[in-house]
Amino acid sequence: MAGMAILRLPYASIGASAFSPLSILFRSPRTAAVSFCSASEFVPKDDSKRSPLKPGLYLVGTPIGNLEDITLRAIRVLRSANVILSEDTRHSGKLLQYYNIKAHLLSYHKFNEAQREQAVLNRLKQGEIVALISDAGTPGISDPGSQLAKMCAKENIDVIPIPGACAVVAALSASGLDTDEFTFVGFLPKHSGTRKERLVVSSNETRTQIFYVPPHKLSQFLDETTPYFGESRRCVIAREITKLHEEFWRGSLGEAKQEFLIRQPKGEITLLIEGKEETKAENPTESQLEQELAVLISDGHSLSTAVKTVAERTSMRKKEVYSLALKKFGKPIQVEDEAAE
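These notes cover the structure that comes with them. (Residues numbered from 1 in each chain as written. Predicted model: local features only at pLDDT ≥ 70, side-chain atom pairs only at ≥ 80, totals over all residues. Heavy atoms only, no water.)

Concerning the overall build of the protein
To be explicit about the condition: Where helices and strands are cited, they refer to DSSP runs of H or I of at least four residues and of E of at least two residues respectively, numbered from the N terminus. Relative accessibility thresholds used throughout: buried, under 20% of the residue-type maximum; exposed, over 50%; partly exposed, between the two (1.4 Å probe, protein chains only). We call two residues in contact whenever any of their non-hydrogen atoms come within 4.5 Å of each other. Only the protein chains shown count as cover for residues, and all accessible areas are computed by the Shrake-Rupley method using a 1.4 Å probe.
Check the secondary structure of the protein and you find eleven helices and twelve strands. Counting over 341 residues, the protein shows a buried share of 40%. By sequence separation, contacts in the protein at least 24 residues apart represent 69% of the contacts at least 6 residues apart. Carbon and sulfur atoms make up 51% of the accessible area of the protein, which amounts to about 19200 Å² in all.

Digging into the nonpolar core
Soluble globular proteins tend to pack their nonpolar side chains together in the buried interior. Rules: Nonpolar cores were defined as sets of buried Ala, Val, Leu, Ile, Met, Phe, Trp, Tyr and Cys residues, with membership established by side-chain atoms within 4.5 Å.
In terms of nonpolar packing, the biggest core is built from 20 residues, with Tyr58, Val60, Leu78, Ile84, Tyr99, Ala131 and Ile162 touching the most fellow members. Secondary structure elements with two or more residues in this core: strand S3 (56-60), helix H1 (72-80), helix H2 (89-98), strand S6 (129-133) and strand S7 (159-162). Looking at this core element by element, the count peaks at four residues for H1. In terms of nonpolar packing, the next biggest core, distinct from the first, is built from 18 residues, Val213, Phe221, Phe229 and Ala256 among them.

Re the sheet that holds strand S5 (residues 105-107)
The condition is simple: Two strands form a pair only when DSSP identifies at least two bridges running between them. The axes used here are C-alpha line fits, helices contributing only the stretch in contact, and every angle between their N-to-C directions lies in the interval 0 to 180 degrees.
Reading across the sheet, the five strands line up as S5-S4-S6-S3-S7 and stay open at both edges, with parallel pairing between neighbours. The open sheet has two free edges, formed respectively by S5 and S7, since each of these has just one partner strand. Taking each pair of neighbouring strands and ignoring which way they run, the sheet shows an average axis angle of 25°. The pairing of S3 with S7 spans four bridges and is parallel. Note on S7: the bridge partner recorded for tyrosine 58 is isoleucine 160. Its contacts with the sheet put helix H4 (residues 146-154) on S3, strand S4 (83-86) and S7, and the angle it makes with S3 is roughly 150°.

Quick word on the sheet that holds strand S8 (residues 182-186)
Across the sheet, which stays open at both edges, the five strands sit in the order S8-S9-S12-S10-S11 with mixed pairing between neighbours. Sheet topology places S8 and strand S11 (247-252) at the edges, where each strand pairs with a single neighbour. Within this sheet the neighbouring strands show an average axis-to-axis angle of 20°, counted without direction. One ladder, built from five bridges, connects strand S10 (residues 234-239) with strand S12 (residues 269-273); its direction is antiparallel. Each bridged residue has a counterpart across the sheet, and for cysteine 235 the counterpart in S12 is isoleucine 273. In this fold helix H8 (residues 253-262) packs onto S10, S11 and S12, with an angle of close to 125° to the strand it touches most, S11.

Examining helix H3 (residues 113-125)
What counts, and what does not: Multiply 1.5 Å by the residue count of a helix minus one, and that product is the helix's expected span.
Taking 1.5 Å of rise per residue, the 13 residues of H3 would be expected to cover 18 Å, and the 18 Å separating its terminal C-alpha atoms lies within 8% of that figure. Within H3, the full set of buried residues consists of Glu113, Glu117, Val120, Leu121 and Leu124. Structurally, H3 contributes buried residues whose contacts are with S3, S4, S6 and H4. Directly after H3, the chain includes glycine 127, whose backbone phi takes a positive value near 90°.

Things to note about unusual backbone geometry
Keep in mind that most residues, glycine aside, have a negative phi and that most peptide bonds are trans. Positive phi, close to 60°, is recorded for serine 142, a residue that is not glycine. Note that serine 142 resides in the loop between S6 and H4. The backbone of threonine 242 shows a phi angle near 75°, a positive value even though the residue is not glycine. Residue position: threonine 242 is located in the loop between S10 and S11.

What follows is the structure, encoded as structure tokens:
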């Protein structure tokens, strides 16, 4: 299929009852040596020599698919927390069970965060360690947590990030698009007018634009986006990152419209669109400059003012415009000092 490139992991996404982290040593995409050992064996058991964690709000990054994508520090924080705020306690319970983490779970999502905030703040003020996790990835990035972090910062309560998996960074790093500068848009606004305003801004950006798109709305997103970005603009559709059916589709927006019109993708989607190509403004021709000077003079402007105005409009040097005006109109004129420099 046109413009398409697919990257698939050579192994299955590991579930809560499957093999432990680091237990698969790859020999080839088809063969692996497997060691059946407990996930907890890969975490240092003796924490007595470490300094105790200070009280505060810990924003803990968790796997976005593959359970191996968690840091040792994240596991230590989750084991030490007095309470873990979780977007979905059933979902997070599987991760905690897998790593043998026994902690008090408390639901914290967009529908109850306003009601939970004060109680959580009281616990933090009493010196507790509160860990916040989302269903996947980094809390507060298109997930609950940003408001709580703001409130803690306002109350001078420590907010400690525990870095981990993030779909935005993972997708960008493997996209093949420019990574020096990018704009993370996230989910587009629901209101159609606001969506259009956002697309107008994004389509004129020279930076890579990154969106989160629900799989059932991918075709609609491409239909809405293409008129603003153009069918030839390159895009990357990253799907099911770190999971069994991980896929990176690469091509133009026009090709993407055709491709995903006939197939319905599944799983979380991070969609990246290349930035607008910077075009250097071409200097106007002598005849164009002469015409602009003539129009300004006929409107009553002095030659000196006309030279200054044309230079500012065209980003031409005043000295160059002055030289042309002198040649065209045949007599020296008085121009500001910087024009003759």
